[in-house]
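Structural characterization, general
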Amino acid sequence: SWIENELPNAMQQHQLYLQYQPKVCCVTNNIVGFEALLRWQHPEHGFVSPGEFIPVIENTNLIITVGEWVLSEVTQQLANWRDEGLPLLPIAVNISGYHLHSPTLIPYIDQCLRQRSLNPELIEIEITEGALTGNSDESINAMRALKEIHIKLAIDDFGTGYSSLSYLKKFPVDILKIDRAFVRECYSNKEDAAICKAIISLAKSLELQIVAEGVENQAQLAFLGVQGCDVYQGFYFSKAVDADKVSALLMEPA
Ligand code: G
Ligand code: G
Ligand code: MN
Ligand code: NA
């Protein structure tokens, strides 16, 4: 498709850029980190959503090229903020299963961090639950290798991947992100409330940090807070914003 043909140029021609969505502590309301989200402004097609172009390239080497571009951008951005004297917060990066299972991921991240003298704790890798259902041994090996270089791991879209919960015991995971499909009506729908409660309780007993996605209103936040959710993300606090807006947020006293 045109997506595969034009994406390589898009990186060179600065049509791709990142925005950053704040992650907020449910207790203090302080920003505790950000998630990097890809954006593509195409000269003819206009704005192209990652929800549209990522699936097209997800099982090709192009997802590695794009993933490496994101990792390089994010680490360079962190280094720039550090050099400007700003206090740094961790940034979560979405990595596709195909890239996770490639032998190039670990050396590439390691090189990005070393080149810019960054603490690995500043990068979190988000893997969707769906990416972990097959290749279980391969996934475990890749995740262990990430842990060896002190990178934190999050399971994204948790609850939608139809995978066995037993992998939580085997996989060295730090963070669970409740899919926004369960958050949407958590305060009014009995089933969604039960699912959110169960996921939060599971995360607590496994000592994992729990992040709720897609929080858009006070009713959702109140419910999640009572259940003991640690962190939330969503339009209620902020949509993803440009890097210069992040600098302003980092400068604000907590
Ligand atoms: O930001 P938005 O809601 O448009 O993102 C749509 C989807 O694209 C989400 O599932 C999100 O995880 C994914 N996505 C956004 N940025 C990246 C990225 O840098 N890499 C990968 N693999 N997926 C991304
Ligand atoms: O799959 P992933 O969680 O990486 O997807 C992140 C996507 O969710 C981003 O594209 C972002 O724009 C979107 N998003 C973030 N906050 C909200 C929200 O409060 N409501 C909705 N509907 N989407 C959100
Ligand atoms: Mn994500
Ligand atoms: Na998600």
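Residues numbered from 1 in each chain as written. Chains lettered and ligands numbered in written order. Predicted model: local features only at pLDDT ≥ 70, side-chain atom pairs only at ≥ 80, totals over all residues.

Summing up its helical and strand segments, the chain has eleven helices and nine strands in all. Taken over the C-alpha trace, the chain has a radius of gyration of 18 Å; the compact-globule value for 254 residues is 18 Å, and the two agree within 12%. Counting only residues that meet the buried cut, the chain has 35% of its 254 residues in that class. Long-range pairs, those at least 24 residues apart, make up 66% of the contacts in the chain with a sequence separation of at least 6. (Helix = DSSP H or I, 4+ residues; strand = E, 2+ residues; numbered from the N terminus. Rg over C-alpha atoms; globule rule 2.2 N^0.38 Å. Buried ≥ 20, exposed ≤ 12 C-beta atoms within 10 Å, placed from the backbone. Contact = placed C-beta atoms within 7 Å.)

Below, the discussion takes up the site of ligand 1. Taken together, the residues surrounding ligand 1 are Leu37, Leu38, Ser49, Pro50, Gly51, Ile54, Val70, Asn94 and Ser96. In terms of residue count, the dominant contributor to the shell around ligand 1 is helix H2 (residues 50-57) (three residues). Across the shell around ligand 1, the residue classes tally to five nonpolar, four polar and no charged. (Near = placed C-beta within 6 Å. Nonpolar A, V, L, I, M, F, W, Y, C, P; charged D, E, K, R; others polar.)

On to the nonpolar core, then. Among the nonpolar cores identified, the biggest contains 66 residues, and Ile91, Val93, Leu224 and Tyr232 are the most heavily contacted of them. At six residues, the largest contribution of residues to this core is made by helix H3 (residues 62-83). Other than its neighbours up to four places away in sequence, tyrosine 232 contacts Val24, Cys26, Val211, Ala212, Val215, Leu221 and Leu224. (Core = buried A, V, L, I, M, F, W, Y, C linked by C-beta atoms within 7 Å.)

Right, let's get into the site of ligand 2. The immediate surroundings of ligand 2 are formed by 14 residues, with Glu213, Gly214, Glu216, Gly234 and Phe235 found nearest. Looking at the shell around ligand 2 residue by residue, the class counts come to four nonpolar, five polar and five charged.

Let's shift gears to the confidence of the model for the chain. Detailed reading of the predicted coordinates is not advisable wherever pLDDT is low. Chain-level statistics for the chain give a pLDDT mean of 95 and a share of 98% at 70 or above. For this predicted complex, the interface confidence score (ipTM) comes to 0.96, while the overall pTM stands at 0.97. (pLDDT = per-residue confidence, 0-100.)

Let us now look at the environment of serine 1. The residue serine 1 is located in the segment before helix H1 (2-12) in this model. Its 9 C-beta neighbours within 10 Å are what place serine 1 among the exposed residues. Between the C-alpha atom of serine 1 and that of arginine 184, which follows or precedes it by 183 residues, the distance is 34 Å.

Within strand E6 (residues 152-158), six of the seven residues are buried, which leaves it mostly tucked inside the rest of the structure. Summarising the sheet, strand E5 (residues 123-128) and E6 pair through five bridges and their orientation is parallel. In the sheet register, glutamate 126 faces E6, and the bridge partner there is alanine 154. (Pairing = 2+ DSSP bridges.)

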